[in-house]
Amino acid sequence: FCTLEILGLIGFAYRCPKINVKFDFSYGIYLYHMIVVNAMIELGFTGKLYYMIIAILISVLISFVSEKTIGKLPIKRKHKTE
């Protein structure tokens, strides 16, 4: 079933190439989620469902802020050199 979902998602992406996302912070979530999870484990925040929800929210928040600040630097540099 998982393979079917992945193939469906890839097919959708090829079928609708004009969908434009203004900002994509999924890479930031990928980068920061384990830092947040490891910090919470070290601080003893384990074993409860709401700790997982807090970790997700913190990861999303950090990745959003990172995309809005650090993620814009290469674009600014590109326009500055032109």
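Residues numbered from 1 in each chain as written. Predicted model: local features only at pLDDT ≥ 70, side-chain atom pairs only at ≥ 80, totals over all residues. Heavy atoms only, no water.

Draft legend 1. Region of interest: the packing of aromatic side chains. Scanning the model with the defined rule gives three aromatic pairs in all. Look at Phe-45 and Tyr-51: their rings are 5.4 Å apart centre to centre, the planes differ by 65 degrees, and that puts the pair in the edge-to-face class. Of the residues examined, Phe-45 reaches a relative accessible area of 39% and is grouped as partly exposed. The class for Tyr-51 is buried, based on a relative accessible area of 18%. An angle of 55 degrees between the planes, with centres 4.8 Å apart, marks the rings of Tyr-50 and Tyr-51 as tilted. The exposure class assigned to Tyr-50 is partly exposed, which follows from its relative accessible area of 45%. By the ring-pair criterion, three or more aromatic residues cluster together here, those being Phe-45, Tyr-50 and Tyr-51. (Phe/Tyr/Trp six-rings, centres within 6.5 Å; stacked < 30°, edge-to-face > 60°. Buried < 20%, exposed > 50% of the residue type's maximum accessible area, 1.4 Å probe, protein only.)

Draft legend 2. Spatial organisation of the packing of helix 2 (residues 26-42) against helix 3 (residues 49-69). In the contact formed by helix 2 and helix 3, the axes pass within 8 Å of each other and the chain directions differ by 135 degrees. Taken together, the axes of helix 2 and helix 3 lie oblique to each other. Handedness of the helix 2/helix 3 crossing: right-handed. Together, Gly-28, Ile-29, Tyr-32, His-33, Val-36, Val-37 and Met-40 of helix 2 and Tyr-51, Ile-54, Ala-55, Ile-58, Ser-59, Val-60, Ile-62, Ser-63 and Ser-66 of helix 3 make up the contact between the two elements. (Axes fitted to C-alpha atoms, helices over the stretch in contact; angles between N-to-C directions. Helix = DSSP H or I, 4+ residues; strand = E, 2+ residues; numbered from the N terminus. Parallel < 35°, antiparallel > 145°, perpendicular 65-115°, else oblique. Left-handed = near helix turned anticlockwise from the far one by under 90°. Contact = heavy atoms within 4.5 Å.)

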